[in-house]
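Each chain, letter by letter, is given below.
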Amino acid sequence: MSLILVVEKYTLGSKIILGILFAILLSILLRYAFKLIEMAYVLKIRRPLYNHLYFHLRRLSKDQKGILENKFSFYSKLSSKEKKYFEHRVASFIIDKDFIGRNGLVVTDEIKVLISATAVMLTFGFRDFYVPILSKIVIYPSNFYSRINKAYHKGEFNPKLQTLVISWEGFLQGFDDENDNLNLGIHELTHAIHFNSIKERDVSSVIFSDTLKELSALLSTDSSLRDRLKTSDYFRKYAFTNQFEFLAVVIENFIETPLEFKSQFPHIYNKVKQMLNFRIKGY
């Protein structure tokens, strides 16, 4: 092989390597620039630049979609495009989590779809809807004994084990009356989302945690608002146990009775809507 050919091949190889390095550097710079632009947007508008961007939309089976249509009323509030996004997220959530039955409970499509749909409903305004801190969902037929609290429970979330434990009977009862502001699935999944926002730094978690701080600051400085909260019959007393229970109860009310919530406590309502980036008709 002549010296000229060797030099030409070496030069071509160097150009390819330099081209690859340039492409990598450019992608890093573009990603960094996008994050800066989006963060400026978030600080001003308090919402992500986008939520839904998919190269491929997963689909539910006919039976799974039927469960959404017949047993999950929130789904009916969505536009046609939103329904496709919602189905994709439910299908993706089902794949991402381990569903484990206990005490003889067989994990069915109905269990997977309804629990996943509840999580997707709460995170529908998020870009990252997987709630990474949650990896396992353990379902009991009814109330279960908690080794943590030494008592029988309907549901609990353990962030260390990344596990949600729930009573299926209690979960279904939460949807029997969709105006009583009592929903076990919403309550326990809100705990998971809350812990996730503390751990993660994705844009939706940042908005969630920052808005929660704003809500806490509002409540700590406005004594009259605190007094109205405590004397009102709108939020059940369990809300005042601690910050985690307060948020879980507040979001139960937000999802189930948004118009009444907005009427009675508009400032808190707006903070919750911002926290969840909830832009669904009727809210």
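See the structure above.
Just so you know, these numbers come straight off a predicted model, no measurement behind them.

What follows covers the nonpolar core. Residues Phe 72, Phe 86, Phe 261 and Ile 268 are the most contacted members of the largest nonpolar core, which totals 68 residues. Ranked by residue count, the leading element in this core is helix 4 (residues 109-122), at nine residues. Sequence-distant contacts of Phe 261, that is, excluding residues within four places in its chain, are made with Tyr 234, Phe 235, Val 250, Asn 253, Phe 254, Pro 266, Ile 268, Tyr 269 and Val 272.

Here we take up the sheet that holds strand 2 (residues 136-140). Pairing in this open sheet of four strands is mixed, and the strands run 1-2-6-5 from one edge to the other. Unpaired on one side and paired on the other, strand 1 (98-101) and strand 5 (155-158) mark the two borders of the sheet. Strand-to-strand twist across the sheet, computed as the mean angle between neighbouring axes with direction ignored, equals 15°. As paired strands, strand 1 and strand 2 are joined by four bridges and run parallel to one another. Its bridge partner lying in strand 2, Asp 98 is registered against Lys 136. Seen against the sheet, helix 6 (residues 184-199) touches strand 5 and strand 6 (163-167) and runs at an angle of roughly 10° to strand 5.

Before going further, it helps to examine empty space enclosed by the protein. The final tally for this structure, using the stated rule, is one cavity of 30 Å³ or more. The volume enclosed by the largest cavity comes to roughly 60 Å³. If you trace the largest cavity, you find 13 residues lining it, with Phe 126, Asp 128, Ile 193, Asn 196 and Ser 205 closest to the centre. Of all the secondary-structure elements, those providing two or more residues to the lining of the largest cavity are helix 6 and helix 7 (203-221). A per-element tally of the lining of the largest cavity places helix 6 first, with three residues. For the lining of the largest cavity, the per-class residue count stands at seven nonpolar, four polar and two charged.

Looking now at the pattern of salt bridges. Close approach of charged atoms allows side chains of opposite charge to pair. Tallied over the entire structure, the rule returns five salt bridges. For Lys 65, the salt bridge identified is with Glu 87, shortest N-O distance 3.9 Å. Placement of the pair is Lys 65 in helix 2 (residues 62-71) and Glu 87 in helix 3 (residues 80-96), with a sequence separation of 22 residues. What makes Lys 65 partly exposed here is its relative accessible area of 32%. Taking the relative accessible area as the measure of exposure, Glu 87 reaches 10% and is therefore buried.

Another point: the layout of surface pockets. In this model, the largest pocket occupies a volume close to 580 Å³. Taken together, 25 residues form the lining of the largest pocket, with Gly 155, Leu 184, His 187, Glu 188 and Tyr 238 sitting closest to its centre. In terms of residue count, the dominant contributor to the lining of the largest pocket is helix 6 (five residues). Of the voids in this model, the second largest pocket is the one considered here, and its volume is about 330 Å³. Around the second largest pocket sit 15 residues that line it, and Tyr 140, Glu 156, Leu 161, Thr 163 and Val 165 are the ones nearest its centre. Put simply, the parts of the chain that give the lining of the second largest pocket at least two residues each are strand 2, strand 3 (144-146), strand 5 and strand 6. Class assignment for the residues of the lining of the second largest pocket results in eight nonpolar, three polar and four charged.

Rules and cut-offs
- Throughout this document, residue positions are counted from 1 along each chain, in the order its sequence is written.
- With pLDDT at 70 or above as the cut-off, local features in this predicted model cover only qualifying residues; side-chain atom pairs require 80 or more to be listed or tallied, and sums for whole chains, interfaces and linings still use all residues.
- Where side-chain values are given, they derive from all heavy atoms of the structure, hydrogens and water being excluded.
- Throughout this description, the term nonpolar core refers to a set of buried Ala, Val, Leu, Ile, Met, Phe, Trp, Tyr and Cys residues connected via side-chain atoms within 4.5 Å.
- Buried means the residue's accessible area, taken with a 1.4 Å probe over protein chains only, is under 20% of the maximum for its type, while exposed means over 50%, and partly exposed covers the values in between.
- Counting from the N terminus, the helices are DSSP H or I runs at least four residues long and the strands are E runs at least two residues long.
- In this analysis, two residues are considered to be in contact whenever any of their non-hydrogen atoms come within 4.5 Å of each other.
- A strand pair is defined by DSSP finding two or more bridges across the two strands.
- Fitted lines through C-alpha atoms serve as axes, helices being fitted only where they are in contact, and the angles separating the N-to-C directions of these axes extend from 0 to 180 degrees.
- Using only the protein atoms, space was sampled on a 1 Å grid; points where a 1.4 Å probe fits but cannot get out form cavities, open sets with protein on both sides within 12 Å along at least five of seven lines form pockets, and lining residues are those with an atom within 4 Å of a point.
- Grid points are joined across faces, edges and corners, and a volume is the space filled by probe spheres set on the points.
- In the scheme used here, Gly and all other residues not listed as nonpolar or charged are polar, with Ala, Val, Leu, Ile, Met, Phe, Trp, Tyr, Cys and Pro taken as nonpolar and Asp, Glu, Lys and Arg as charged.
- Take a side-chain nitrogen of Lys or Arg and a carboxyl oxygen of Asp or Glu: if they are within 4 Å of each other, that pair is a salt bridge.

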